[in-house]
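Analysis of the macromolecular model
Now for the letters of each chain:
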Amino acid sequence: DAADAEGNALDGANVLVVDDNEINRKLITTIAARNGVRVVEAGDGTAAVDACRHEWFDTVFMDIHMPGISGEEAARRIIASYDGRRPPRIIALTANAMSGERERLLAAGMDDCLIKPVTEVQILAAIGRDGPAPEHSSVDNDTRSTLREMMLDELPDHRQRIVAAVETGDRATLREHVHKLHGAASVCGPEALRSACAELEGHLVAGDAQAIPGAVDDLLEAIDTVSADSPA
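Predicted model only: the values in this text are computed from it and were never measured. (Residues numbered from 1 in each chain as written. Predicted model: local features only at pLDDT ≥ 70, side-chain atom pairs only at ≥ 80, totals over all residues. Heavy atoms only, no water.)

Below, the discussion takes up the state of the cysteines. On inspection of all chains with the given rule, the structure shows 0 disulfides. In this structure cysteine 113 is not part of a disulfide, and its nearest cysteine sulfur, from cysteine 52, lies 18 Å away. Given the relative accessible area of 7%, cysteine 113 is considered buried. (Disulfide = S-S within 2.5 Å. Buried < 20%, exposed > 50% of the residue type's maximum accessible area, 1.4 Å probe, protein only.)

Take a look at the structure:
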């Protein structure tokens, strides 16, 4: 069938998935692995650079917004470490769909740029770019259910960290936590949660002090609603 054909086409590929969000990593890892791809995961840019020093990867999926060194800096270090030899194909992963972002990342050395949340078609096409185009585009129900359970388990911790950052007035930390939750919600959360994350993150990026408190309240309400609606 089509899935077997894709698996044969991609079989033997070696892929590195770099993201500080476990849910985002698991989405790509699950799809790639069931199509015959070997996958290694890295939770930050430093670990990604280290992994590329120890083994060859055909493709690296690189999250851009991570704590520590950014995805752009990690990509630069990986490319530099090959010293003229052909480096892995590096695919940027970003939630920023603003005009010019793709061009900026390509100019920084990325081979391609995918806007989160990524689809199965995009993931498989990026790995097997010379092979047949995948016919199925949706994430299977078992994977989606697993990712949703992971997100629900993480929600209390996300809420606690967001509240703590608000109480201390640490907007940089607040933005980090909201961005991380936004990534998870984009993959497997309800639209109300994803929308509330996007709204607050946008205000934090813009530095809109007047809008931030209301957006925080809206996000906490969305978190509480999702938590209350989830099975015990």
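Still more ground to cover, so stick around.
Time to look at the confidence of the model for the protein chain. Considering every residue of the protein chain, the mean pLDDT works out to 87; 90% of them sit at 70 or more. Note that residues 131-136 has pLDDT below 50 and, in this model, 12 contacts with residues that lie over four places away or in other chains. (pLDDT = per-residue confidence, 0-100. Contact = heavy atoms within 4.5 Å.)

This part takes up helix H10 (residues 212-229). Between its terminal C-alpha atoms H10 stretches 26 Å, which fits the 26 Å expected from 18 residues at 1.5 Å a residue. All of the buried residues in H10 are Ile212, Ala215, Val216, Leu219, Leu220, Ala222, Ile223 and Val226. The arc enclosing the buried residues of H10, seen along the axis, measures out at 155°, which places them on a common side. Exposed and oriented more than 90 degrees from the buried face of H10 are Glu221, Ala228 and Asp229. Packed against the buried residues of H10 are helix H7 (141-168), helix H8 (171-188) and helix H9 (191-206). (Helix = DSSP H or I, 4+ residues; strand = E, 2+ residues; numbered from the N terminus. Expected span 1.5 Å × (residues − 1). Arc of directions from axis to C-beta.)

Moving on, we get to the packing of aromatic side chains. Pairs of aromatic rings are described using the distance from one ring centre to the other and the angle between the two planes. For the coordinates displayed, the defined rule picks out 1 aromatic pair. Seen from their ring centres, tryptophan 56 and tyrosine 82 are 5.8 Å apart, and the 75° between their planes marks the pair as edge-to-face. Of this pair, tryptophan 56 sits in the loop between helix H3 (45-54) and strand S3 (59-63) while tyrosine 82 sits in the loop between helix H4 (71-81) and strand S4 (89-94), and the two are 26 residues apart along the sequence. Exposure remark for tyrosine 82: the relative accessible area of 5% places this residue in the buried category. (Phe/Tyr/Trp six-rings, centres within 6.5 Å; stacked < 30°, edge-to-face > 60°.)

A few words on the side chain of lysine 116. Residue placement: lysine 116 occurs in the loop between strand S5 (112-115) and helix H6 (120-127). Exposure remark for lysine 116: the relative accessible area of 17% places this residue in the buried category. At a separation of 3.0 Å, a polar atom in the side chain of lysine 116 contacts the side chain of aspartate 19. A polar side-chain atom of lysine 116 sits 2.9 Å from a polar atom in the side chain of aspartate 63. Setting aside chain neighbours within four positions, we find lysine 116 in contact with Asp19, Asn24, Asp63, Leu93, Thr94 and Ala95. (Polar contact = N/O pair within 3.5 Å; in protein donor to acceptor, adjacent residues only side chain to side chain.)

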